[in-house]
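Architecture and fold: a report
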Amino acid sequence: MLSIKNLHASIEGNEILRGINLEVKAGEIHAIMGPNGSGKSTLASVLAGREEYEVTEGEVTFKGKDLLDLAPEDRAREGVFLAFQYPVEIPGVSSTNFLRTAVNQVREYRGLEPLDAVKFLTLMKEKMKLVEIDQKLLSRSLNEGFSGGEKKRNEIFQMAMLEPTLSILDETDSGLDIDALRIVSNGVNQLKSEKTATIVVTHYQRLLDYIVPDFVHVLYKGRIVKSGTKELAMELEEKGYDWIKEEVDSQATV
Amino acid sequence: MSTLTKQDSFSSLIEAAPKNFESVRTLAKVSYLAQGLPAVKAEEYKFTNISKKLEQKITDFSPALPFAVTAEHVKSAVYEGFDGDILVFANGNFLPELSAKIEGIEVSLLSEKSELALGSIAKPGKDAFAALNQATFQDGIFISVPKKAQVEKPILLLSFDQANGGQLIQPRVWIEVGDLSEVTFIDQSISLGESSYFVNEVVEVKGGVSSHVHYYRIQNEGKNVIEVSTIEADIQKDSTFNSVNISLSGDMVRNNLNLNLVGSNSEGNMYGIYLLNGKTHVDNHTNVDHTIPHAESNELYKGILADQSRGVFNGKIFVRQDAQKTNAFQQNNNILLSEDATVNTKPQLEIWADDVKCSHGCTVGQLDEEALFYLQARGIDKLQAKGLLLHAFAGEVLEKIKTESFREYCDSLIQERLGSKF
Ligand SMILES: Nc1ncnc2c1ncn2[C@@H]1O[C@H](COP(=O)(O)OP(=O)(O)OP(=O)(O)O)[C@@H](O)[C@H]1O
Ligand SMILES: [Mg+2]
């Protein structure tokens, strides 16, 4: 579904991603871990199409299409969804209006009829139940004054509404209390199928108890330096990143 | 007296001024001649060279004549959903036969009210154009709302302007609102034709004690209209005056809005949007004068500027020594959509009292890229995402319009301009 080959990207002349290779197939869940500043969010942003990042080398295909060639909105319409690490507050834009615009533009691109107000509301109610999000939140401006956890939950709610094929969750677990973590994970698990794939960026092994990954990758200094299965996450939880850093850094100096 | 006989484009207009309101006109004439048209370096008109604009665009410095407006004109011009009473004007001249008779409210031509103290609120000494209007206006309208009147439906002041010879239109409005009354005015002009002409409007509002006046104004006239307006109100004890001004079009527009808080516990609110494109130039000069203790003023103007448009904001807050316990807030925010658009914004605070709460701020920026990306990442195309954000930006001012139908009308014009419906 997603194939990343030798991806290099920089911002303001600083190279952040330095040769990422990753294959994600339909039905799979990949976890990406790694120390702060290693480039996890950068990778997520580049995949979603953030223009500030310049891709200097490499290629990314999504369902056979050149992903890097598409505008951010077209990537979303093709089925890429990024749950932001820091969702933006947008005062004055009503959550409902925003979602309806988004859902209908995505539907239009996919050749589906737009949803009328009634159908949209029905869909919204159904998905709200799934992620147990309060109606009151959605009657406010988009993310405005939401708590950290509420913002994260809203991301998953949007994901449920847009029905993506590839979801990238950037630290969606950070800032969630235990109940919210369970609810959000439930949501993710219910939305997954053999036609969809998920990339979860996380620092915590505990999330992976809920969303069980098929593969775990460690990103460090802009490269995937280690890949394994969920046991790798446990090992990292126990030992931290030092041993990996040492391994990589010693190789680099040779 | 030689300095008082200075010749300029308006000299013959002044010579030919009507003979009524003699003392009022003489006073204004002296004041006009003393001030003259603003010179290039004039501080108050530093960014808005209206004198030059007039010289370039106006060929016939004589009053535009009233013309025949039909009931059909009126019907087709009134915005959808309007529910209220309409007073109709042609080139600034009130047309009683086409206008509503509003129950309990006195409406007449100014010429029928020759004892009025015109210029006692919008004093001619403050501004040359206010003086020019007072010296030379042809006729105007007098509106009086009695005491204890809750006028529920808005009154639409609907002007049709057609000055094909590039002439002058000088509306003059005097509004009195009795104690304990509330009334809403909507001020709208329609250009018939695309030619240049000059509108120089003066509106004076004399509010009673515990009165509440809402004055909404939309400027969406022809692209070639040059306009100066002066709206000035005295706000008495326990009273409010709410002004919302929406500017969408014109060649060069200068709005002078002056609120005088003269009674305690009074409130003056000034809100505005200027959404400009092409080469439109809009200058909002506001002045709130806190003369007494315990009064409040709130101000929020927002600008969205595309193409080579230009916005000017100058917000004066004057707090006199006696005006303790004043609350005065002012904010001006601008978004530039093009590299060729410019904004000059200047808060001007003069505070002589020591126990006051004043705040002011201004910003000039671009659209929030992060917010834009967030919306795009959800599948919303860039143009529409921009529209959503700009609409939200303007929304904070729009929501100050309490007349729902008018708010929706302005909203639809703004959405249309921003290129999408939400
Ligand atoms: N404009 C910029 N100029 C230079 N460096 C930048 C810029 N923006 C981001 N970076 C750097 O890019 C690196 C990668 O950042 P990124 O946000 O991708 O890290 P991350 O792996 O997601 O970290 P975290 O776990 O803290 O979320 C960081 O070192 C960051 O400081
Ligand atoms: Mg990150």
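What counts as what
- Residues numbered from 1 in each chain as written.
- Chains lettered and ligands numbered in written order.
- Predicted model: local features only at pLDDT ≥ 70, side-chain atom pairs only at ≥ 80, totals over all residues.
- Heavy atoms only, no water.
- 1 Å grid on protein atoms, 1.4 Å probe; cavity = no way out; pocket = protein on both sides within 12 Å on 5 of 7 lines; lining within 4 Å.
- Points joined across faces, edges and corners; volume = space filled by probe spheres on them.
- Helix = DSSP H or I, 4+ residues; strand = E, 2+ residues; numbered from the N terminus.
- Nonpolar A, V, L, I, M, F, W, Y, C, P; charged D, E, K, R; others polar.
- Near = heavy atom within 4 Å.
- Polar contact = N/O pair within 3.5 Å; in protein donor to acceptor, adjacent residues only side chain to side chain.
- Buried < 20%, exposed > 50% of the residue type's maximum accessible area, 1.4 Å probe, protein only.
- Pairing = 2+ DSSP bridges.
- Contact = heavy atoms within 4.5 Å.
- Axes fitted to C-alpha atoms, helices over the stretch in contact; angles between N-to-C directions.
- Buried area = accessible area lost by both parts, 1.4 Å probe.
- Salt bridge = Lys/Arg side-chain N within 4 Å of Asp/Glu carboxyl O.
- Phe/Tyr/Trp six-rings, centres within 6.5 Å; stacked < 30°, edge-to-face > 60°.
- Donors = N, O, S within 2.8 Å, 3.2 Å for Na, K, Ca; no water.

1. Some words on empty space enclosed by the protein
Residues and elements named next belong to chain B. Enumeration according to the criterion identifies eight cavities of 30 Å³ or more in this entry. The calculated volume of the largest cavity comes to roughly 150 Å³. As for the largest cavity, its lining consists of 17 residues, and the residues nearest its centre are S159, P171, D187, S189 and E201. Secondary structure elements with two or more residues in the lining of the largest cavity: β5 (155–161), β8 (182–191), β9 (197–207) and β10 (212–219). As a volume, the second largest cavity reaches approximately 80 Å³. In terms of lining residues, the second largest cavity is bounded by P63, A64, N91, G92, N93, Q138, D139, L168, I169 and Q170. In terms of residue class, the lining of the second largest cavity is made up of four nonpolar, five polar and one charged.

2. Describing the site of ligand 1
All names here are of chain A. In the region of ligand 1, 15 residues are neighbours, and G37, K40, S41, T42 and H203 sit closest. Take T42: an N or O atom from its side chain is 2.5 Å from an oxygen atom of ligand 1. Within the side chain of Q85, one N or O atom sits 3.1 Å away from an oxygen atom of ligand 1. Of all elements in the fold, only β2 (14–24) and α1 (40–48) reach the threshold of two or more residues within the shell around ligand 1. Broken down by element, the shell around ligand 1 gets its largest block of residues, three residues, from α1. Among the residues forming the shell around ligand 1, the class breakdown is three nonpolar, nine polar and three charged.

3. Some remarks on the pairing of strand β1 (residues 2–11) of chain A
Residue and element names in this part refer to chain A. Here β1 lies mainly inside the structure; seven of its ten residues are buried. With seven bridges joining them, β1 and strand β4 (residues 54–62) adopt antiparallel strand pairing. Its bridge partner lying in β4, A9 is registered against V55. Judged from the eight bridges that link them, β1 and β2 form a sheet pairing that is antiparallel. If you follow S3 over to β2, its bridge partner there is E23. The antiparallel pairing of β1 with β2 creates a hairpin that spans two residues between the two strands, and E12 there sits at a positive phi of about 45°.

4. Section: the sheet that holds β1 of chain A
Residues and elements named next belong to chain A. Across the sheet, which stays open at both edges, the four strands sit in the order β2-β1-β4-β5 with antiparallel pairing between neighbours. With partners counted over all chains shown, the strands left at the sheet margins are β2 and β5 (65–66), one partner each. Sheet contacts for α1: β1, β2 and β4; angle to β1, the most-contacted strand, approximately 110°.

5. Describing the interface of chain B and chain A
Each partner contributes residues to the interface: chain B has 17 residues there, and chain A has 30 residues. When chain B packs against chain A, the two sides together hide about 2,100 Å² of surface, and 63% of this comes from carbon and sulfur. Taken as a group, F373, Y374 and R378 of chain B account for 39% of the area that chain B buries against chain A, more than any other trio of residues on that side. Inspection of the chain B/chain A interface yields two salt bridges. Between K382 of chain B and E51 of chain A there is a salt bridge whose closest N-O contact spans 3.8 Å. The interface formed by chain B and chain A contains eleven residue pairs in polar contact (both at pLDDT 80 or more). For the side of chain B that touches chain A, the secondary structure elements donating two or more residues are α6 (369–376) and α7 (382–398) of chain B. Top contributing element to the side of chain B that touches chain A by residue count: α6 of chain B, with seven residues. Of the residues belonging to the side of chain B that touches chain A, the class tally is nine nonpolar, three polar and five charged.

6. A look at the packing of aromatic side chains
For the structure on display, the rule yields 17 aromatic pairs over all chains. Here the aromatic rings of F84 of chain A and F373 of chain B are separated by 5.8 Å at their centres, their planes lie at 75°, and the arrangement is edge-to-face. On the criterion of chain membership, the pair formed by F84 of chain A in the loop between β6 (80–83) and β7 (90–94) and F373 of chain B in helix α6 is interchain, its members lying in two chains. Just as F84 of chain A is buried, F373 of chain B falls in that class too. An angle of 40° between the planes, with centres 5.4 Å apart, marks the rings of Y301 of chain B and F313 of chain B as tilted. With Y301 of chain B in strand β16 (residues 296–305) and F313 of chain B in strand β17 (residues 310–319), the pair connects residues that are twelve residues apart, well separated along the chain.

7. Some details on the layout of surface pockets
All names here are of chain B. Each pocket or cavity is described by its volume, and for the largest pocket that value is around 430 Å³. No other element matches α7, which puts five residues into the lining of the largest pocket. In terms of residue class, the lining of the largest pocket is made up of twelve nonpolar, five polar and five charged.

8. Notes on the coordination of the magnesium ion (ligand 2)
Residue and element names in this part refer to chain A. Within the protein, the magnesium ion (ligand 2) binds to S41 (OG) and Q85 (OE1); these donor distances fall in the range 2.0 to 2.2 Å. Taken together, the positions of S41 in helix α1 and Q85 in the loop between β6 and β7 put the pair 44 residues apart, joining distant regions of the chain. For S41, a relative accessible area of 25% translates into the label partly exposed. By relative accessible area, Q85 is classed as buried at 16%.

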